[in-house]
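Listed below, chain by chain, are the residues.
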Amino acid sequence: AVTIFKKFEEMQELINKYELGCYEVFTASVDEKSKLNLEQPLLNRQNELIQVNFDPQLIAVLREVKYLEIQEREDIPASAADIFSKKENFWLFVRNLDLQVTWYNQVRRDILEVELPLIETQLQDIDTKLETAEKSLSWNADGVWEYIQETRDMVHDLHTRVFKAKDNVEQMQKIME
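What you see is a predicted model, and the numbers here were worked out from it, not measured in a lab.

Parameters and conventions
Residues numbered from 1 in each chain as written. Predicted model: local features only at pLDDT ≥ 70, side-chain atom pairs only at ≥ 80, totals over all residues. Heavy atoms only, no water. Helix = DSSP H or I, 4+ residues; strand = E, 2+ residues; numbered from the N terminus. Rg over C-alpha atoms; globule rule 2.2 N^0.38 Å. Buried < 20%, exposed > 50% of the residue type's maximum accessible area, 1.4 Å probe, protein only. Contact = heavy atoms within 4.5 Å. Pairing = 2+ DSSP bridges. Phe/Tyr/Trp six-rings, centres within 6.5 Å; stacked < 30°, edge-to-face > 60°. Lys NZ or Arg CZ within 6 Å of the ring centre and 35° of its normal. Expected span 1.5 Å × (residues − 1). Bend = angle between axes of the 7 residues up to and from the residue. Axes fitted to C-alpha atoms, helices over the stretch in contact; angles between N-to-C directions. Parallel < 35°, antiparallel > 145°, perpendicular 65-115°, else oblique. Left-handed = near helix turned anticlockwise from the far one by under 90°. Nonpolar A, V, L, I, M, F, W, Y, C, P; charged D, E, K, R; others polar. Polar contact = N/O pair within 3.5 Å; in protein donor to acceptor, adjacent residues only side chain to side chain.

Visitor: Please set out the overall build of the protein residue by residue, giving values where relevant.
Guide: Helix and strand content of the protein: 6 helices and 2 strands. Listing every helix and strand of the protein by position from the N terminus yields α-β-β-α-α-α-α-α. Computed over the C-alpha atoms, the radius of gyration of the protein is 24 Å, more than 25% above the 16 Å expected from 2.2 N^0.38 for a compact globule of 177 residues. The dimensions of the protein, computed from C-alpha atoms along their principal axes, are 90 × 40 × 25 Å. Expressed as a percentage of the 177 residues in the protein, the buried residues total 32%. A separation of at least 24 residues holds for 73% of the contacts in the protein among residues at least 6 apart in sequence.

Now the structure itself:
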């Protein structure tokens, strides 16, 4: 029994050293990685399609801080704690941007060449607006939520009108058959 307790204590010590090493690696890089990733633009564009640019490293920071809080650690790095305090905002931003990206990309993929002249002006207006999120608007900038709401509403309006028109054309074709 003494041997088992001794082995248990040795194992516990190894686990504690490993945990401390992981924590030191996390704290050594979290400030730089967080700052760099929060300064990235909200969106990326590849050809005509866009995507949300919320770096997986930020998701990892949020997850790590959550687990550190569960462990009731009081030595959480300030930058990580600051990001974690804004987690609800980040999730709100990402969810709304995901909707916007889905609608925008669907319009871009599904619009027919003959339909494009009908929406070209509105699409250009949206692209101009999106350019801000692709080049200069970052995750920690002021006015992000207002920007997301405005562009989301523009994209949703276009998406709704395009697909309602497509549905109407389809219904007319069925009636004419």
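Moving on from the coordinates now.
Visitor: Would you mind going over the pairing of strand 2 (residues 49-52) in detail, with residue names and values included?
Guide: In terms of strand pairing, strand 1 (residues 43-46) meets strand 2 through 4 bridges, oriented antiparallel. By the bridge assignment, Leu 43 is partnered in strand 2 with Val 52. Joining the antiparallel neighbours strand 1 and strand 2 is a turn of 2 residues, in which Asn 47 adopts a positive phi near 60°.

Visitor: Outline the packing of aromatic side chains, listing residues and values.
Guide: If you walk through the whole model with that rule in mind, you get 5 aromatic pairs. Ring geometry for Phe 54 against Trp 139: centres 4.9 Å apart, planes inclined by 80°, an arrangement best described as edge-to-face. Note that Phe 54 is positioned in the loop between strand 2 and helix 2 (56-70) and Trp 139 in the loop between helix 5 (116-135) and helix 6 (144-176), a separation of 85 residues in sequence. The pair formed by Phe 54 and Trp 139 is uniform in burial state, with each residue classed as buried. An aromatic cluster of at least three residues, connected via ring pairs, comprises Phe 54, Phe 90, Trp 91, Phe 93, Trp 139 and Trp 145. Of note, Arg 73 hangs over the ring of Tyr 23, and the distance from its end group to the ring centre comes to 4.0 Å.

Visitor: Can you break down helix 1 (residues 2-38) residue by residue, with the values?
Guide: For helix 1, which comprises 37 residues, the first-to-last C-alpha distance of 52 Å matches the rise-based estimate of 54 Å (1.5 Å per residue) to within 8%. Along helix 1, the helix axis deviates most sharply at Val 30, where the bend reaches about 45°. Contacts made by the buried residues of helix 1 are with helix 2, helix 3 (78-85) and helix 4 (87-110).

Visitor: How would you sum up the packing of helix 1 against helix 3? Please name residues and give values.
Guide: Packing of helix 1 against helix 3 leaves a shortest axis separation of 8 Å and a crossing angle of 50°. Classed by the angle they form, the pair helix 1 and helix 3 counts as oblique. The handedness of the crossing between helix 1 and helix 3 comes out as left-handed. Residues Phe 26, Val 30, Asp 31, Ser 34 and Leu 38 of helix 1 pack against Ser 79, Ala 80 and Ile 83 of helix 3. Considering only residue class, the contact of helix 1 with helix 3 consists of 5 nonpolar, 2 polar and 1 charged.

Visitor: Tell me what's going on with the side chain of Ser 34, and back it up with residues and numbers.
Guide: Here Ser 34 is to be found in helix 1. With relative accessibility at 2%, the residue Ser 34 sits in the buried group. A polar side-chain atom of Ser 34 sits 2.7 Å from the main-chain carbonyl oxygen of Val 30. Once residues lying within four places of it in the same chain are set aside, the contact partners of Ser 34 are Leu 58, Val 61 and Ile 83.

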